[in-house]
Structure formats: C-alpha cells, structure tokens
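Topology and contacts: notes
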Amino acid sequence: MTRVVLTYKDYEALPADGRRYEIHDGELSVTPAPNTEHQRVSRNLFVILHGHVEERRLGEVLYAPVDVILADTTIVQPDIVFLDPTRRSAVSRRGIEGPPTLAVEIISPSTTGIDRTTKRHLYAKYGVPYFWLVNPEARVIEALVLDAGAYAVALRASGPRPIGLPPFPDLGLVVERLWPVSDP
C-alpha cells in the first residue's frame, strides 16, 4: 500500500471545526482544542514574552493559532513563537514560512507524546534554534537549545525565583506565576 503524503494544499482544504490540524512530514495530526488551563498558561506566558520582546525591540511574538510552514509537507501550530529580527521576513499572509527563533509547546494530556517526541524531532530537523516545553501539570519549563542537529536541555525551571531562558537571558520569568490560580 502506498503512503499518501499530504502537503500545504491539502492542509488548506481541512475544515475549520475547532480541532487542531497539523501535518507532520506528510502525515495528518489532529488534536482537540486546548483546555482552559492550557489557554490560561499560554496567555500568561505570551503576556510576559510579548512585554519583554516589545520593550527591548527584540523581534516579534505570536500565539496560536498561527501556521508555521517548515516544509510543504510539515505545517505545525506551536502555542507561541518568537522571531528575532533576522527571521521576521519569514512572516507571510499564510503564516511563518520557515523556522521561528523559538517554538513553545504547552503540554496537554492529549499532546504529550506529540510535543515531547514528534514536534521535538520536527523542530530540530527544520532548524528551530530554541524550543520550550511548558508542563502545567509538573509546573516546569524545559528550555532546549539546538546543538549539532539535536536538542539539549539548557535549563529546567520552576518555582518563585526570576530566571532567564534561552534566547532571553534577562527575561526574569517567575515560572510559578504562569499557572492559573485554582478556584476554591
């Protein structure tokens, strides 16, 4: 049996039905819309990153859904992306054409394997220099840096102490402030 390889043209034809569609090296990946905890963490991190990047004029931060077209057969939607000034020309009407400087994935129960394995591999393959995995359940951020075609964990952060994460050494992120406050 011949494997069907999907392309950006096939991706454009997918329905807008609330699901999250991606194409990973020609194969369709479908996940449910993120839950509210995921969205709150995403919002909190975006606000911090956006403020930091804007204040220092470091580039641009965008949040999902935005298509990152790594190849005609690989289209992903990271939760947050950062583009430094050298990569800002990658922004087009379709999305981001090529690797962003940083891709951020917020792990959900339904996406753990995809985020930790599939997307990690794809981001490395297509040359995304920095990749963060945000784990709301463990209340941890792993900052990975691309080195010789593979990611190495540069920092695993949690708690109340302000930290910098690559590529933002002076970020001053307090990781514990990302997590939504539980209702009583």
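Residues numbered from 1 in each chain as written. Predicted model: local features only at pLDDT ≥ 70, side-chain atom pairs only at ≥ 80, totals over all residues. Heavy atoms only, no water.

Counting residues in each nonpolar core, the largest one holds 24 residues, and the members touching the most others are Leu-45, Trp-132 and Leu-173. Mapped by element, the contributors of at least two residues to this core are α2 (36-56), β6 (80-83), β8 (102-106), β9 (130-135), β10 (140-147), β12 (163-165) and β13 (168-173). Top contributing element to this core by residue count: α2, with five residues. Excluding residues within four positions of it along the chain, Leu-173 makes contact with Leu-45, Ile-48, Ile-141, Arg-161, Pro-162, Ile-163, Leu-165 and Leu-178. (Core = buried A, V, L, I, M, F, W, Y, C linked by side-chain atoms within 4.5 Å. Buried < 20%, exposed > 50% of the residue type's maximum accessible area, 1.4 Å probe, protein only. Helix = DSSP H or I, 4+ residues; strand = E, 2+ residues; numbered from the N terminus. Contact = heavy atoms within 4.5 Å.)

The next thing to look at is the side chain of Asp-84. Residue placement: Asp-84 occurs in the loop between β6 and β7 (96-97). Here Asp-84 occupies a buried position and makes no salt bridge, while the nearest side chain of opposite charge, Arg-87, is found at 4.2 Å. One polar contact links Asp-84 to Thr-86, side chain to side chain, over a distance of 2.4 Å. (Lys, Arg positive; Asp, Glu negative; His and termini not counted. Salt bridge = Lys/Arg side-chain N within 4 Å of Asp/Glu carboxyl O. Polar contact = N/O pair within 3.5 Å; in protein donor to acceptor, adjacent residues only side chain to side chain.)

Bringing unusual backbone geometry into the picture now. With an omega of 0°, the peptide bond between Ala-64 and Pro-65 qualifies as cis. Along the polypeptide, Pro-65 turns up in the loop between β3 (60-63) and β4 (68-71). Each neighbour pair has its own omega, and for Pro-166 with Pro-167 the value is 15°, a cis peptide bond. Position of Pro-167 relative to the elements: it lies in the loop between β12 and β13. Non-glycine residue Asp-25 carries a positive phi angle of around 50°. Within the element layout of this structure, Asp-25 appears in the loop between β1 (20-24) and β2 (27-31). At Arg-57, a position not held by glycine, the phi torsion is positive, near 55°. Among the secondary structure elements, Arg-57 is positioned in the loop between α2 and β3.

What follows covers the pairing of strand β11 (residues 150-157). Alignment of β10 against β11, held across seven bridges, turns out to be antiparallel. Within the sheet, the bridge partner assigned to Leu-144 lies in β11 and is Val-153. Connecting β10 to the antiparallel partner β11 that follows it, the hairpin turn spans two residues, and Ala-148 within it adopts a positive phi of roughly 55°. (Pairing = 2+ DSSP bridges.)

Another aspect to go through is the confidence of the model for the protein chain. Here the protein chain averages 93 in pLDDT, while 98% of its residues score no lower than 70. The secondary-structure element of the protein chain with the lowest mean pLDDT is β2, recorded at 92, while β6 shows the highest, at 98. (pLDDT = per-residue confidence, 0-100.)

Count 3.6 residues to each turn of an α-helix, and residues three or four apart come out pointing the same way. Between its terminal C-alpha atoms α2 stretches 30 Å, which fits the 30 Å expected from 21 residues at 1.5 Å a residue. When α2 is considered as a whole, its buried residues turn out to be His-38, Val-41, Ser-42, Asn-44, Leu-45, Phe-46, Leu-49, His-52 and Val-53. If you follow the buried residues of α2, they end up packed against β1, β3, β6, β8, β9 and β13. The N-cap of α2, judged by a side-chain oxygen 3.2 Å from the amide nitrogen of Glu-37 a few residues on, is Asn-35. Of the residues one or two after α2, Arg-57 is the one with positive phi, at around 55°. (Expected span 1.5 Å × (residues − 1).)

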